[in-house]
Amino acid sequence: MKEIKKSVYWVGKVDWEIREFHGSEYSTHRGTTYNSYIIEDEKTALIDTVWSPYGSEFVRNLGKQISLRKIDYVVANHAEIDHSGALGELMDQIPDTPIYCTKNGVESLMGHFHRDWNFVPVETGDKLSLGKKEIVFIEAPMLHWPDSMFCYLTEQNILFSNDAFGQHLSTELLYNDLVDQAELFQECIKYYANILTPFSGQVEKKIDEFKSLNLPLDMICPSHGVIWRDNPLQIVDKYLEWSKSYRKDQITIVYDTMWNGTRNMAEAIAQGIKSVDDKVAVKLFNISHTDKNDVVTEVFQSKALLVGSPTINRGILSAVAGFMEQIRGLKFKQKKASAFGTYGWSGESVDMINNGLKDAGFELIESGIRSAWNPDEKSLKECMEFGKVIANQTGSEKPK
Ligand code: FEO
């Protein structure tokens, strides 16, 4: 147990080893933490637990530090099993202890565990007295699942925000001011880009709602990564900035290639962009060789996205298809896009990619460019001209 404020303790797990999260949907290059907290007062509350594989270890360690029978209340801010994973083993030992969660939380916990525990569904504004301190519940649907909620501890002025404001960063240092800031914010923006982008509207509303409560705030304790004790509002302000269709002066080019024809197109397009605008950051990624979540993070920061694939079997390469599916669900806003690619016979790839970009909410700025077979000098010049058009059509955009 690590005391983070008087009578409030971190009792989580640092997972240095994990490199893939949500199956293989999210890369965790720097590991993660599952943060769980104990609050002691006249009554004792446990907030969240850890991922299932560490459930036994968590319950065993917790039992060495406090008598599990001393836990009067369990708060489950979110039912996803990286936070509820130890509940099965814990509740075997304290089966009657009430579990406070949202109504959706009850459904989700029952769906995961198939156990009819002593659930107490709560809504925004409901309070739980621990003695001198109170826990105030704040529903946070879609941040990032329908069951998610925050809770706030009075007297100590702590917001337990669950996934929101978290990052996948393993560290023993615990606090935001002690870790490398570049690593921290890289993991924060990756987390926002890959998980919270579709819910940006709700992010803005929830932050406005929380700010309007005028609650004093000394700490934000998320369920992954560091605790924000130094200027905790800095991450709230970042979320507000990211929630407003965030983009920098960057154009990202994502492609896959069979015999380097589409790669040569990508590079010629980049040259064309740079010949018009030497300030814009142009970044190229072969999606079959690059971590998909890192690429999404780059797209999140871009004002425009160009996607390329040769045509194969009247379609596109599978790595590009996977990427298109990924961005379809993320609902990026106010970003421009177009497609490119080589072909030998039928040449459907550009139209297919353009349709996918449109479905994903991008504004198509050109009909795209195709090149037959291996692009020759003339084709590469056309790609450069295409790059110039892209630069001109995105150049007047003032980056945020
Ligand atoms: Fe960290 Fe939605 O679980």
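Residues numbered from 1 in each chain as written. Predicted model: local features only at pLDDT ≥ 70, side-chain atom pairs only at ≥ 80, totals over all residues. Heavy atoms only, no water.

Chemist: Looking at this model, I keep getting lost on the overall build of the chain. Mind explaining?
Modeler: Within the chain, the regular secondary structure consists of 12 helices and 22 strands. In terms of overall dimensions, the chain has a C-alpha envelope of 80 × 40 × 35 Å along the principal axes. Considering the chain as a whole, with its 400 residues, one finds that 57% of them fall into the buried category. In the chain, of all internal contacts separated by at least 6 residues, the share reaching a separation of at least 24 is 71%. Taken as a whole, the chain presents about 16800 Å² of accessible surface, with 49% of it coming from carbon and sulfur. (Helix = DSSP H or I, 4+ residues; strand = E, 2+ residues; numbered from the N terminus. Buried < 20%, exposed > 50% of the residue type's maximum accessible area, 1.4 Å probe, protein only. Contact = heavy atoms within 4.5 Å. Areas by Shrake-Rupley, 256 points an atom, 1.4 Å probe, with all protein chains shown as cover.)

Chemist: How should I be thinking about empty space enclosed by the protein in this particular structure?
Modeler: The probe, sized like a water molecule, is rolled over the atoms to show the empty space still left. Scanning the entire structure with this criterion turns up two cavities of 30 Å³ or more. Its boundaries defined by the atoms lining it, the largest cavity holds a volume of some 90 Å³. Where the lining of the largest cavity is concerned, the elements lending two or more residues are helix 6 (200–212) and helix 7 (233–243). The dominant element in the lining of the largest cavity, judged by the number of residues it contributes, is helix 6, at four residues. When grouped by side-chain class, the residues that make up the lining of the largest cavity number 10 nonpolar, no polar and one charged. Estimated volume of the second largest cavity: approximately 30 Å³. For the second largest cavity, the full set of lining residues is Trp10, Val14, Thr33, Asn35, Thr171, Leu174, Gly225 and Val226. Across the lining of the second largest cavity, the residue classes tally to four nonpolar, four polar and no charged. (1 Å grid on protein atoms, 1.4 Å probe; cavity = no way out; pocket = protein on both sides within 12 Å on 5 of 7 lines; lining within 4 Å. Points joined across faces, edges and corners; volume = space filled by probe spheres on them. Nonpolar A, V, L, I, M, F, W, Y, C, P; charged D, E, K, R; others polar.)

Chemist: Explain the pattern of salt bridges here, please?
Modeler: Any two side chains of opposite charge can pair, so long as their charged atoms come close to each other. Per the stated rule, a full pass over the model turns up 20 salt bridges. As a salt-bridge pair, lysine 5 and aspartate 218 come within 2.7 Å of each other at their nearest N and O atoms. Here lysine 5 is found in strand 1 (residues 2–5), whereas its partner aspartate 218 is found in the loop between helix 6 and strand 16 (219–222), with 213 residues between them in sequence. Salt-bridge contacts for lysine 279 lead to aspartate 278; the nearest nitrogen and oxygen are separated by 3.9 Å. Looking at lysine 279, the relative accessible area reads 68%, which means it is exposed. Judged by relative accessible area, which is 60%, aspartate 278 ranks as exposed. Ionic contacts of the salt-bridge type, sharing partners, join the residues Arg30, Glu183 and Glu187 into one network. (Salt bridge = Lys/Arg side-chain N within 4 Å of Asp/Glu carboxyl O.)

Chemist: So what exactly am I meant to see when it comes to the packing of helix 6 against helix 7 here?
Modeler: In a packed pair of helices, the relevant descriptors are the angle between the two axes and the axis-to-axis distance. For the pair helix 6 and helix 7, interaxial distance at closest approach is 9 Å and the crossing angle is 145 degrees. Of the two possible hands of crossing, helix 6 and helix 7 adopt the one that is left-handed. Along its contact with helix 6, which presents Ser200, Val203, Glu204, Ile207 and Lys211, the element helix 7 presents Val236, Asp237, Tyr239, Leu240, Trp242 and Ser243. Tallied by class, the residues present in the contact of helix 6 with helix 7 amount to six nonpolar, two polar and three charged. (Axes fitted to C-alpha atoms, helices over the stretch in contact; angles between N-to-C directions. Left-handed = near helix turned anticlockwise from the far one by under 90°.)

Chemist: Sorry, what's going on with the side chain of lysine 133 here?
Modeler: Within the secondary structure layout, lysine 133 lies in the loop between strand 12 (127–129) and strand 13 (134–139). Comment: no salt bridge for buried lysine 133; closest opposite-charge side chain is aspartate 41, at 4.1 Å. Here lysine 133 is in contact with Lys6, Ser7, Ile39, Glu40, Asp41, Leu128, Leu153, Thr154, Glu155 and Gln156, once residues within four sequence places are set aside. (Lys, Arg positive; Asp, Glu negative; His and termini not counted.)

Chemist: When you look at the packing of aromatic side chains in this model, what are you seeing that I'm missing?
Modeler: Aromatic ring pairs are reported here in terms of the distance separating the ring centres and the angle at which the planes meet. For the coordinates displayed, the defined rule picks out 20 aromatic pairs. Here phenylalanine 150 and phenylalanine 165 contribute two aromatic rings whose centre-to-centre distance is 6.5 Å and whose plane-to-plane angle is 45 degrees, an arrangement assigned as tilted. Of this pair, phenylalanine 150 sits in strand 14 (residues 149–153) while phenylalanine 165 is found in the loop between strand 15 (158–162) and helix 5 (181–196), placing the two residues 15 residues apart along the sequence. Neither phenylalanine 150 nor phenylalanine 165 differs from the other in exposure class; each is buried. When the centroid spacing of 5.7 Å and the interplanar angle of 55 degrees are considered together, the rings of tyrosine 192 and tryptophan 242 count as tilted. Here tyrosine 192, found in helix 5, pairs with tryptophan 242, found in helix 7; they are 50 residues apart in sequence, far enough to count as distant. Look at tyrosine 192 and you get buried, because its relative accessible area is 0%. Here lysine 335 stacks its cationic end above the ring of phenylalanine 300, 5.9 Å away from the centre of that ring. Of note, arginine 370 hangs over the ring of tyrosine 343, and the distance from its end group to the ring centre comes to 4.5 Å. (Phe/Tyr/Trp six-rings, centres within 6.5 Å; stacked < 30°, edge-to-face > 60°. Lys NZ or Arg CZ within 6 Å of the ring centre and 35° of its normal.)

Chemist: Just checking my understanding: could you explain the environment of isoleucine 71 for this structure?
Modeler: Its place among the elements puts isoleucine 71 in the loop between helix 1 (55–65) and strand 9 (73–75). Using a relative accessible area of 3% as the deciding quantity, one classes isoleucine 71 as buried. Spatially, the C-alpha atom of isoleucine 71 lies 50 Å from that of phenylalanine 362, the residues being 291 residues apart in sequence. What isoleucine 71 contacts, discounting residues up to four positions off in sequence, is Ile38, Thr44, Leu46, Leu62, Ile66, Leu90, Ile94 and Thr97.

Chemist: Looking at this model, I keep getting lost on the side chain of aspartate 15. Mind explaining?
Modeler: As for its placement among the helices and strands, aspartate 15 is situated in strand 3 (residues 13–15). We note that aspartate 15 is buried and unpaired, the nearest opposite charge coming from arginine 19 at a distance of 6.7 Å. Separated by 3.2 Å, the side chains of aspartate 15 and tyrosine 54 make a polar contact. (Polar contact = N/O pair within 3.5 Å; in protein donor to acceptor, adjacent residues only side chain to side chain.)

Chemist: How should the environment of alanine 164 be read in this particular structure?
Modeler: Here alanine 164 lies in the loop between strand 15 and helix 5. Of the residues examined, alanine 164 reaches a relative accessible area of 4% and is grouped as buried. Between the C-alpha atom of alanine 164 and that of serine 223, which follows or precedes it by 59 residues, the distance is 8.0 Å. Not counting chain neighbours up to four residues away, the residues in contact with alanine 164 comprise Phe150, Pro222 and Tyr239.

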